[in-house]
Structures are given as structure tokens and as C-alpha cells.
Amino acid sequence: MLNIALFGPPGAGKGTQSEFLIKSYNLYYISTGDLLRKELAEKTKLGMEAQSIIASGGLVPDEIIVQIIEKTITENPDANGFLFDGFPRTYIQAYILEGLMIKLNTSLNCLISINVPEEESVSRLLKRGETSGRLDDNESVIRRRLAEYNEKTLPVLRFFKERGIFHEVNGLDTIPNVESQIRKIIKHELSKRLFNVVLFGYPGSGRGSQGKAIAKKFELEYVATGNMLDSEIAKKTPIGKKIMELYNNGQLVPDEIVVELIEKSLAERQDVKGFIFKGFPRTLVQSYILDGLLKKHNSSISQIIEIEVPLLELIRRLDARSKTPGSMPYDSSTEKIVKRIDEHEKKTSPVIEKYKQLHGVIKVDGMGTFDEVLNRISATIEHGMKHMR
Ligand code: AMP
């Protein structure tokens, strides 16, 4: 999802710039001014309450704004994103917006302030008043609207500056130039967003080979904790030596080591569109760790996929693998295969259950050729990227 708020005094050009934003980024447009004027035209109770306030250039009470905005947002939960024009207009409304975004499991990506000096606002609005037919486009009301803006709306900037999502453009520039300034900000914003996939599946479901192929296809960083541990051992790093000792003593690798390796991998990423996690989280504790690790990068889980393969087929595949040169030490006997499947059932299934309730888990049929399964997973990811929150 891409959520943007346009900010600026009346007459800054928010409505004008909205037009290209709606089209280019397929956003759902919410102008509280337009919504109020609609209520007014339809003579609803709400409209009647707001009428005299709008006509005098004051701000409509936050309680009324909450009602109209909540209705519009909740009626459009599948929107690609929202574009807010004229909202938030008070410090309280900034909190309201934050709460509404949380409800949709999303957040505001940026607030773009179109800066114009006061006298420019006045002259633009007077000109607009010649044709707009709006009750509030006359000089005395315009002055009152600007006074309200300075007093009640400007403090909103502090709220978004503190959250690091405030941007400004020069509104005195030509319309196409303001547009390109805004495009630049959004392009940068979009490039920052990560698409993070967690890939589940029983041992033998093909999650490793599929995960790698998906990573390559969608420019995601493949994060496989098992491989990370192996590579530390192979490189004989200090961590690798510690892992080897644990293996030799038949002990599990503690979460501290796994976390350290994932942290390193997240921090060293370069120009990737996101991460695909395989073999992590394996336990409920690790699922909390993953949330925390992603949060540190201002990110979260975007999609959870589970590759489904019937149990007998899993055993058949793992048994066949044990007879190939690529066999892993843990594939070497029926006993070990059963143990791994059992571990998954006991420790990882509760994680998948938790995700089912929290985010939803997309099941993909893991039967068929490699390419057939790859195509199924790819379709899911393409859809997810398009509707990213
Ligand atoms: P606009 O079309 O955004 O210039 O809004 C016109 C008028 O509608 C404003 O002067 C206010 O009286 C009222 N209004 C619009 N949006 C809000 C808001 N978010 N909070 C309070 N009043 C608003």
C-alpha cells in the first residue's frame, strides 16, 4: 500500500497535484473538503452541522471528520493506497490518521507539504472564487482559513517531522515542476520499501530450491539460517568454530547465534527488494525475533507462503535424496528423516498457526514439476507485491 498525505495552505495546489497522483499510483482519493461539501449538498445531518463552520472559514470539529473519514476508509479496504487532501488538519487528526492506518495494518508513507507564501494563497483563492462557486472563496473567509491553518494545521508538521516522513516541495514552481518534485519523493519512498516473504514447508517440500529461485527472480535476498550456519563453518569463522563445537556435542545452535547472523545479513543488504526467509522462524520465540529484526529496518512481514506436499511424497523425496551425492547428513537414515518431520510438526506448525491468525498464510500446492510449483509461488508473490501494505 502507498499512503500519502498532501499538506499545504488553502490554494497551494493540493487538488491539482492529486490528479496525477491518483492516476499514476492508482490511489483512492480522500478530500475531507470534498466529502464535507457532498454531505452539505445532500443536506445530511452531518452536512448541516458543518455548513456554517465551512462558510465562516473555521475548522469542522474532529468528531465529524473522524466519522466521514473512517467510513470512507473502511469501505475501501482493498485500495492500493490512499491519498489524503486536507487531512490531517489538526494535531488530533494526525493521531486519528495514525490509528486508522494501524487498523488497516498499514502506515502513512509520507506527508508532502506544498509550500506557498500567504499572499500567493490569497490571490490564487480569489481567482478560483470567480468560478468555483464555493462559499468560502472570498477574501474575509480566505483570511480566516489561513489564520486557522497557521494556528491549528501547521503544528501537524511537527508530528510527521518526528516520524521522519515529512517532505516539502516549492509550490511556487510551475504545475509540471511541482509534479516532478513530488514524483521524486515518491520514487525514493517506493525504493525504500521491502517485500519480505516467509517460506514454510516440511523438509522435502522443495522450500530450499524454490526459495532460491524465487529470490533470484524477484531480486530478494535469500535468508536461509541452515545455509548461514554451514557457511560460517566452511569459512572457519569464530562463530563457525562455535557452531561446530555445538554440533559435535549434539547441541542445538542457540537463537543468539542465529539472530546475530540474520542481523548481519539484513544490515549488509544491497539494493534488494526485500528478503525471503527459509528455515526461520522455526519456533514461536523466533517468530517474535523476526518481527523485531524487521521492525529495526522499519519493515514487516509482507507475505507468508506454505508449500504443501503430502507426507508420503515427502518421505519418498527425502529417501530418494539420501541416495544422491547431494545428500545432507540429516537425510542419511529413515530415523533422521522421521525426526526432522516430527520437529517441524511440533515446533514449526504452531508458528504457522500463529501466522494464520495474524496475517493469513497462503498455501501453495507443492506437487508437480519444479517449474509448475515455481509459477504458482511467483503468481502469489506478484499479487502480493502489487498490493503491498
Ligand atoms: P478544503 O476543500 O480542503 O479547502 O476544505 C474546505 C473547508 O472544509 C475547510 O475550510 C474546513 O472548514 C472544512 N474542512 C475540510 N477538511 C477538514 C478537516 N480535515 N478538518 C476540519 N475541517 C475541515
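All values reported here derive from a predicted model rather than from experimental measurement.

The rules we used
Residues numbered from 1 in each chain as written. Predicted model: local features only at pLDDT ≥ 70, side-chain atom pairs only at ≥ 80, totals over all residues. Heavy atoms only, no water. Helix = DSSP H or I, 4+ residues; strand = E, 2+ residues; numbered from the N terminus. Expected span 1.5 Å × (residues − 1). Buried < 20%, exposed > 50% of the residue type's maximum accessible area, 1.4 Å probe, protein only. Arc of directions from axis to C-beta. Contact = heavy atoms within 4.5 Å. Axes fitted to C-alpha atoms, helices over the stretch in contact; angles between N-to-C directions. Parallel < 35°, antiparallel > 145°, perpendicular 65-115°, else oblique. Left-handed = near helix turned anticlockwise from the far one by under 90°. Nonpolar A, V, L, I, M, F, W, Y, C, P; charged D, E, K, R; others polar. Phe/Tyr/Trp six-rings, centres within 6.5 Å; stacked < 30°, edge-to-face > 60°. Lys NZ or Arg CZ within 6 Å of the ring centre and 35° of its normal. Patch = residues over 30% accessible without salt bridge, like charges linked within 9 Å, V, L, I, M, F, W, Y side chains within 5 Å. Areas by Shrake-Rupley, 256 points an atom, 1.4 Å probe, with all protein chains shown as cover. Salt bridge = Lys/Arg side-chain N within 4 Å of Asp/Glu carboxyl O. Pairing = 2+ DSSP bridges. Near = heavy atom within 4 Å. Polar contact = N/O pair within 3.5 Å; in protein donor to acceptor, adjacent residues only side chain to side chain.

Some thoughts on helix α6 (residues 118-132)
Right, on to step 1. Here α6 is 15 residues long and its end C-alpha atoms lie 20 Å apart, about the 21 Å a rise of 1.5 Å per residue gives.
Right, on to step 2. Considered for burial, the residues of α6 that qualify are Ser121, Val122 and Leu125. End-on, the buried residues of α6 take up no more than an arc of 95°, which puts them together on one face. Seen from the open side of α6, the exposed residues pointing more than 90 degrees away from its buried face are Lys127, Glu130 and Thr131.
Right, on to step 3. At its buried positions, α6 is contacted by α7 (139-153).

Considering the packing of α6 against α7
Right, on to step 1. At their nearest, the axes of α6 and α7 sit 10 Å apart, and the two run at 140° to each other. Taken as axis vectors, α6 and α7 run oblique relative to one another. In the crossing of α6 with α7, the sense of the turn from one axis to the other is right-handed. Contacts between α6 and α7 involve Glu118, Glu119, Ser121, Val122, Leu125, Leu126 and Arg128 from the first element and Glu139, Ile142, Arg143, Arg145, Leu146 and Asn150 from the second.
Right, on to step 2. In the contact of α6 with α7, the residues fall into five nonpolar, two polar and six charged.

Some details on the packing of aromatic side chains
Right, on to step 1. For the structure on display, the rule yields ten aromatic pairs.
Right, on to step 2. Plain terms: the ring middles of Tyr28 and Phe82 are 6.0 Å apart, the flat faces sit at 75° to each other, and that makes the pair edge-to-face. Of this pair, Tyr28 sits in strand β2 (residues 28-31) while Phe82 is found in strand β3 (residues 82-85), placing the two residues 54 residues apart along the sequence.
Right, on to step 3. What makes Tyr28 partly exposed here is its relative accessible area of 32%.
Right, on to step 4. Over the aromatic face of Phe166 sits the side chain of Lys161, whose NZ or CZ is 5.0 Å from the ring centroid.
Right, on to step 5. In this arrangement the basic side chain of Lys354 is found over the ring face of Tyr288, its NZ or CZ atom lying 3.8 Å from the centre.

Considerations on unusual backbone geometry
Right, on to step 1. Here the residue pair Phe87 and Pro88 is connected by a cis peptide bond, since its omega of 0° sits within 30 degrees of zero.
Right, on to step 2. Along the chain, the position of Pro88 falls in the loop between β3 and α5 (91-103).
Right, on to step 3. Between Phe280 and Pro281 the backbone carries a cis peptide bond, its omega angle lying at 0°.
Right, on to step 4. Following the sequence through the fold, Pro281 ends up in the loop between β8 (274-278) and α14 (284-296).
Right, on to step 5. With a phi angle near 55°, Asn26 is a residue other than glycine that sits in the positive phi range.
Right, on to step 6. One can find Asn26 in the loop between α1 (14-25) and β2.
Right, on to step 7. One non-glycine residue with positive phi stands out, namely Glu219, at about 55°.
Right, on to step 8. With respect to the helices, strands and loops of the structure, Glu219 is situated in the loop between α10 (207-218) and β7 (220-224).
Right, on to step 9. Its relative accessible area of 45% is what places Glu219 among the partly exposed residues.

As for a nonpolar patch on the surface
Right, on to step 1. Judged by side-chain polarity, Leu311, Leu312 and Ile315 come together as a nonpolar surface patch covering roughly 290 Å² of accessible area.
Right, on to step 2. Checked against the element boundaries, Leu311 lands in helix α15 (residues 311-322).
Right, on to step 3. In this structure Leu311 comes out as partly exposed when scored by relative accessible area, which is 48%.

Brief notes about the sheet that holds strand β4 (residues 110-115)
Right, on to step 1. In space, the five strands of this open sheet follow the order β2-β3-β1-β4-β5, with parallel pairing throughout. Of all the strands in the sheet, just β2 and β5 (166-170) have a single pairing partner and so form its edges. Going across the sheet, the axis of each strand differs from the next one's by a mean of 20°, ignoring polarity.
Right, on to step 2. Where strand β1 (residues 4-7) lies against β4, four bridges are found, and the strand directions are parallel. Looking at β4, one finds that Ile4 is bridged to Cys110.
Right, on to step 3. Relative to the sheet, helix α4 (residues 62-74) contacts β2 and β3, its axis offset from that of β2 by approximately 175°.

Concerning the site of the ligand
Right, on to step 1. Taken together, 16 residues lie near the ligand, and Thr32, Arg37, Gly58, Gly86 and Gln93 sit nearest.
Right, on to step 2. In the environment of the ligand, a nitrogen atom lies 2.8 Å from a nitrogen or oxygen atom belonging to the side chain of Thr32.
Right, on to step 3. At a separation of 2.6 Å, an oxygen atom of the ligand approaches a polar backbone atom of Gly58.
Right, on to step 4. Expressed as a share of its isolated accessible area of 480 Å², the protein-covered part of the ligand is 95%.
Right, on to step 5. It is helix α2 (residues 32-41) that provides the largest number of residues to the shell around the ligand, a total of four residues.
Right, on to step 6. Here the residues of the shell around the ligand are counted per class, giving six nonpolar, five polar and five charged.

A short note on the packing of α2 against α4
Right, on to step 1. Following both chains from N to C, one finds α2 and α4 inclined at 100°, their axes separated by 11 Å at the closest point. Considering their axes alone, α2 and α4 lie roughly perpendicular with respect to each other. Contacts between α2 and α4 involve Thr32, Leu35, Leu36 and Glu39 on the former and, on the latter, Ile64, Ile65, Ile68, Ile69 and Thr72.
Right, on to step 2. When the residues that make up the contact of α2 with α4 are grouped by side-chain class, the tally is six nonpolar, two polar and one charged.

As for the sheet that holds β8
Strand pairing in a sheet is mediated by backbone hydrogen bonds. Such pairs are either parallel or antiparallel.
Right, on to step 1. An order of β7-β8-β6-β9-β10 is seen for the five strands of this open sheet, with the pairing classed as parallel. Two strands lie at the open edges of the sheet, namely β7 and β10 (362-365), each paired on one side alone. Each strand of the sheet is rotated relative to its neighbour by a mean of 25°, with strand direction disregarded.
Right, on to step 2. By the bridge criterion, five bridges tie strand β6 (residues 197-201) to strand β9 (residues 303-308) in an arrangement that is parallel. For Val198, the partnering residue across the bridge sits in β9 and is Ile304.
Right, on to step 3. Packed onto the sheet, helix α16 (residues 334-358) meets β6, β9 and β10 and runs at close to 135° relative to β6.

Keep in mind these numbers describe shape, not what the thing actually does.
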